[in-house]
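Survey of secondary and tertiary structure
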Amino acid sequence: MKKDLNIVVIEGTTRAQRQSMVVAEFLADVGKSRAGVSVTLVDPAELTLPGDGNDPEAKDPKYTKITEQADAFFIVVPEYNHSFSGSLKRLLDSELQNYIHKPVALAGVSAGPWGGTRAVESLVPVVRELGMAVTFTDVFFPSVQNIFNEDGSPKEEFVRQNVEKAYDELIWMAQALKYGRENL
Ligand SMILES: Cc1cc2nc3c(=O)[nH]c(=O)nc-3n(C[C@H](O)[C@H](O)[C@H](O)COP(=O)(O)O)c2cc1C
């Protein structure tokens, strides 16, 4: 029996001039259009994460609560020097047990032509270590500065189709793992 799902979309940077927020907002909008899904968009610029680690004093209670209630994550991964951003790592590191046995989908974003593939690949061992089950339906946004309209919609229809496919897989995994967490 299917249950309602809370999906958390995480924007992967605090940078003032960030382009990847357009992707995060688009992912959140597509997620909200799916039946039985509610979406929370996490902006790390609105959180306070002093120091490093996951001790109580290094957490933001708002993010702790969001991750407690999450059934799945969709992380926007901007490519910074062929890897992910420091603020994304800092955010993810602040929690541990709230991620375990939950699925995660990854969306790479870059100004260059590779769409953040290197950043996504370098995040895979991190989310695995956090206990998440990573999906195989990554989505990539190369030349992100050129591929969205002013209103935040993608210029090409295949972009939305790729995101819908990623949600198909993420939602399937979220239902299966929610059943497992509640019943096994
Ligand atoms: C510190 C830094 C390093 C970057 N390194 C790369 C890179 O290695 N390859 C690339 O295609 N774009 C690189 N970019 C451009 C970003 O991928 C681009 O700005 C994209 O929009 C995602 O980041 P943003 O959300 O901060 O804008 C870099 C940007 C910054 C700020």
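As a starting point, this report considers the structure included with it. Counting restarts for each chain, with residues numbered from 1 along the sequence as it is written. Side-chain atom pairs in this predicted model are given and counted only at pLDDT of 80 or more, local residue features only at pLDDT of at least 70, and totals for whole chains, interfaces and linings cover all residues.

1. Points about the overall build of the chain
Helix numbers and strand numbers start at the N terminus; a helix is a DSSP run of H or I with at least 4 residues, a strand a run of E with at least 2. Helices and strands together make up the secondary structure of the chain, namely five helices and six strands. Its helices and strands taken in sequence order, the chain reads β-α-β-α-β-α-β-α-β-β-α from the N to the C terminus. Considered along the principal axes of its C-alpha atoms, the chain spans approximately 45 × 40 × 25 Å. In the chain, which comprises 184 residues, the proportion classed as buried is 38%. Exposure criterion: with C-beta atoms placed from backbone coordinates, a residue whose C-beta has 20 or more other C-beta atoms within 10 Å is buried, one with 12 or fewer is exposed, and one in between is partly exposed.

2. Quick notes on helix α2 (residues 61-69)
Buried within α2 are the following residues: Y63, I66 and T67. Take α2 and look down its axis: the buried residues cluster within an arc of 95°, on one side only. Seen from the buried face of α2, the exposed residues on the opposite side, beyond 90 degrees, are P61, K65, E68 and Q69. For α2, the secondary structure elements touched by its buried residues are β1 (5-10), β2 (37-42) and α3 (86-93). What the arc measures is the spread of directions leading from the helix axis to the C-beta atoms. Contacts here follow a simple rule: the backbone-placed C-beta atoms of the two residues must lie within 7 Å.

3. Structural notes on helix α4 (residues 117-129)
When the terminal C-alpha atoms of α4 are compared, their 19 Å separation across 13 residues agrees well with the 18 Å that a helix rising 1.5 Å per residue should span. Bend at a given residue is defined as the angle between two axes, one fitted to the seven residues that end at that position and one fitted to the seven that begin there. Along α4, the largest kink reaches about 30° and is centred on L123; proline P125 follows within four residues of it. Turning to α4, its buried residues number three or more, namely A119, V120 and L123. In this structure, the buried side of α4 is in contact with β3 (72-78) and β4 (103-109). Directly beyond the C-terminal end of α4, a positive phi value near 95° is found at G131. Any helix carries an expected span of 1.5 Å times its number of residues minus one.

4. Concerning the pairing of β3
In terms of burial, β3 is largely enclosed, as seven of its seven residues are buried. Of the two faces of β3, the one carrying A72, F74, V76 and P78 and the one carrying F73, I75 and V77 are both buried. Two strands pair under a simple rule: DSSP has to find at least two bridges between them. Both β1 and β3 contribute to a ladder of four bridges, which runs parallel. Bridge pairing in β3 links I7 to A72. For β3 and β4, the ladder comprises six bridges, and the chain directions are parallel. Bridge pairing in β4 places V76 opposite A107.

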